[in-house]
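Take a look at the letters that make up each chain.
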There are 2 protein chains.
Amino acid sequence: MNPEAVLDAALDLLDGGALTMRALATRVGLTPGALYTYFPDRTAIVAALVERLLAEADLGLLENGEGTASARITAFSLNLRETLMRHPAAVPAILGAAFNGPVALRVGESLLGLLPDPRASYAVIAYVLGSIALEAAETSAPLTPEPERIAQRRAAFQVDPETFPRTHAAADAIAGYISTDQFRWGLDHLLTALLADTADRL
Amino acid sequence: MNPEAVLDAALDLLDGGALTMRALATRVGLTPGALYTYFPDRTAIVAALVERLLAEADLGLLENGEGTASARITAFSLNLRETLMRHPAAVPAILGAAFNGPVALRVGESLLGLLPDPRASYAVIAYVLGSIALEAAETSAPLTPEPERIAQRRAAFQVDPETFPRTHAAADAIAGYISTDQFRWGLDHLLTALLADTADRL
DNA sequence: ACCTGAACACCGTTCAAGT
DNA sequence: ACCTGAACACCGTTCAAGT
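Because the structure is a prediction, the values reported are computed rather than measured. (Residues numbered from 1 in each chain as written. Chains lettered and ligands numbered in written order. Predicted model: local features only at pLDDT ≥ 70, side-chain atom pairs only at ≥ 80, totals over all residues. Heavy atoms only, no water.)

**With respect to the environment of A:T180**
Residue and element names in this part refer to chain A.
- Turning to its location among the elements, T180 is positioned in helix α12 (residues 180-195).
- Separated by 34 residues in the primary sequence, T180 and E146 have C-alpha atoms spaced 8.4 Å apart.
- Residues in contact with T180, not counting those within four places in the same chain, are L78, R81 and E146.
- Within polar-contact distance, the side chain of T180 engages the side chain of E146 at 3.1 Å. (Helix = DSSP H or I, 4+ residues; strand = E, 2+ residues; numbered from the N terminus. Contact = heavy atoms within 4.5 Å. Polar contact = N/O pair within 3.5 Å; in protein donor to acceptor, adjacent residues only side chain to side chain.)

Quick look at the structure:
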């Protein structure tokens with residue numbers, strides 16, 4: 001047995017929504033107590049899992065990608081979203097880690113080089129992680145393809161037209177909220193503002 | 001005994017980081033089983049708590065506030081942040097609720113009236129909740145005043161200048177990341193982009 | 001309707017003892 | 001070092017029985 005194999009099983013269980021030390025031990029063919037040979041406690045396992053997932057994102061898109069700063073940040077953000085949304089159950093843990101592990105440091109370092117103001121880096125991170133968190137919260141079921149999810153949400157979305165007229169009228173757009181297009185549209189606007197020379201000293 | 005009193009105690013325990021049915025029962029002078037007279041299960045208690053906290057935010061700032069759309073959204077966002085950060089431990093639950101309870105619907109309805117595109121509403125929500133989530137994740141301890149928190153973070157923040165030169169150089173700014181100024185700066189930029197006529201059909 | 005007491009089926013973690 | 005078996009101190013939830 002080795003730590004990596006434990007993490008493999010732990011990710012599986014987390015995706016299934018039932019990561020317990022006992023289930024994990026059974027999965028890897030050990031007794032619960034034996035897990036403490038590899039990790040000091042359950043939180044350490046979750047932390048290692050978070051770091052492993054973040055490491056799956058393609059940092060190259062940010063660090064040595066082609067194109068403008070905006071294009072590279074967008075490409076990486078989309079890649080990060082895709083990577084993390086393969087494991088929605090892990091997203092709360094990623095937010096909870098406050099984004100200050102080794103991978104997060106590299107992301108921050110790159111963003112500092114691509115944006116004119118340190119505050120812009122943080123704004124991008126807040127938007128990207130906020131979007132992913134909202135999306136993960138909505139994704140209880142594994143994850144059906146995006147068009148299906150939008151259609152289901154549209155069908156389920158019913159509000160009183162009297163009290164929420166605008167919400168009712170915009171129901172189609174709202175059903176599409178959690179989508180790649182929505183994610184990208186907001187990020188485009190944010191980056192436009194952050195990269196505009198005139199806005200630097202707002 | 002009544003549901004509201006149960007929620008009062010539940011919020012106290014959640015803030016303390018130990019909301020269990022047993023502790024809650026003890027706190028209100030009941031047996032654990034008796035709690036199920038008031039709420040069907042633990043998740044219902046957390047859900048009710050989330051809704052109560054959201055209801056504490058001043059919706060008037062958004063719905064019948066003064067000034068421009070930008071000013072009203074900013075005022076409400078700052079108020080929401082302040083409200084939620086009084087209970088950092090509840091923030092993950094708020095994100096987990098996918099922001100679709102009754103209060104969230106009212107917020108969404110107002111935003112739709114203040115912004116030119118439904119997608120802009122969602123972008124604002126993603127940024128605001130993302131910022132609050134990152135802030136809450138960092139706030140383990142109750143909450144010391146903001147200047148102290150920044151100073152502590154600055155003192156604790158040490159990275160290798162060789163591998164993370166920009167991060168090292170921007171350490172002061174980074175220590176100030178989680179602050180009202182930072183929150184507002186990013187929101188200002190985002191709103192500027194979302195409200196710019198030329199950006200509407202990007 | 002509201003509550004108790006007791007149980008059921010779980011948890012994470014520790015630790016002496018073995019190899 | 002690695003693992004077992006057993007325990008400790010918890011969980012959320014259910015339910016017969018009482019008022």
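So that's the structure; there's more coming.
**Here's the deal with the protein's contact with DNA strand D**
- Near DNA strand D, the surroundings consist of 17 residues, among which A:T31, A:Y38, B:M21, B:R22 and B:Y36 are the closest.
- A share of 59% is what sugar and phosphate atoms reach among the atoms of DNA strand D within 4 Å of the protein.
- At 3.0 Å, a backbone N or O of B:R42 approaches a phosphate oxygen of DNA strand D. (Near = heavy atom within 4 Å.)

**A short note on the environment of A:R106**
- Along the chain, A:R106 falls in helix α7 (residues 102-114).
- Taking the relative accessible area as the measure of exposure, A:R106 reaches 38% and is therefore partly exposed. (Buried < 20%, exposed > 50% of the residue type's maximum accessible area, 1.4 Å probe, protein only.)

**A look at the packing of aromatic side chains**
Residue and element names in this part refer to chain A.
- Going through the model one piece at a time under the given rule, you end up with two aromatic pairs over all chains.
- Where Y127 meets F183, the ring centres are 6.0 Å apart and the plane angle is 25 degrees; that geometry is what we call stacked. Here the residue Y127 occupies a position in helix α8 (residues 118-138), and F183 occupies one in helix α12, the gap between them amounting to 56 residues.
- On the basis of relative accessible area, Y127 is assigned to the buried category, the value being 1%.
- With a relative accessible area of 3%, F183 lands in the buried category.
- The residue whose ring lies beneath R81 is F183, and the NZ or CZ to ring-centre distance is 5.4 Å. (Phe/Tyr/Trp six-rings, centres within 6.5 Å; stacked < 30°, edge-to-face > 60°. Lys NZ or Arg CZ within 6 Å of the ring centre and 35° of its normal.)

**Focus: the protein's contact with DNA strand C**
- Near DNA strand C lie 17 residues; those nearest to it are A:M21, A:R22, A:Y36, B:T31 and B:Y38.
- Here DNA strand C approaches the protein such that, of its atoms within 4 Å, sugar and phosphate make up 59%.
- A:R42 is positioned with one of its backbone polar atoms (N or O) 3.0 Å from a phosphate oxygen of DNA strand C.
- Note that a phosphate oxygen of DNA strand C is positioned 2.7 Å from one of the backbone N or O atoms of B:T31.
- Residues of the surface near DNA strand C, tallied by class, amount to eight nonpolar, five polar and four charged. (Nonpolar A, V, L, I, M, F, W, Y, C, P; charged D, E, K, R; others polar.)

**A closer look at the relation of the copies chain B and chain A**
- In screw terms, the move from chain B to chain A is a rotation of 180 degrees and a rise of 0.0 Å along the axis, fitting with an RMSD of 0.0 Å. The transformation relating the two chain copies, once decomposed into turn and shift, fits a two-fold axis. Looking at the rotation axis and the C-alpha trace of chain B, the residue lying nearest is B:G130, at 1.8 Å.
- The fraction of interface residues of chain B whose copies in chain A are also interface residues reaches 98%, indicating that both copies meet through the same surface. (Least-squares fit on C-alpha atoms with pLDDT ≥ 70 in both.)

**Things to note about the pattern of salt bridges**
Residues and elements named next belong to chain A.
- Using the criterion set out here, one finds 22 salt bridges over all chains in the structure.
- Of the charged contacts in the structure, one is a salt bridge between R52 and E4, with a shortest N-O distance of 2.6 Å. Of this pair, R52 sits in helix α3 (residues 42-56) while E4 is found in helix α1 (residues 3-15), placing the two residues 48 residues apart along the sequence.
- The class of E4 is partly exposed, set by a relative accessible area of 44%. (Salt bridge = Lys/Arg side-chain N within 4 Å of Asp/Glu carboxyl O.)

**Here we look at the interface of chain B and chain A**
- Each side of the interface is counted separately: chain B has 52 residues, and chain A has 51 residues.
- Summing the contributions of chain B and of chain A, the shared interface buries around 4,300 Å²; its carbon and sulfur component is 73%.
- Taken together, chain B and chain A are joined by two salt bridges.
- A:E109 is paired through a salt bridge with B:R166; the nearest N and O atoms lie 3.7 Å apart.
- For the pair chain B and chain A, the number of links is six residue pairs in polar contact (both at pLDDT 80 or more).
- Counting residues per element, the side of chain B that touches chain A draws most heavily on helix α8 (residues 118-138) of chain B, which supplies 17 residues. (Buried area = accessible area lost by both parts, 1.4 Å probe.)

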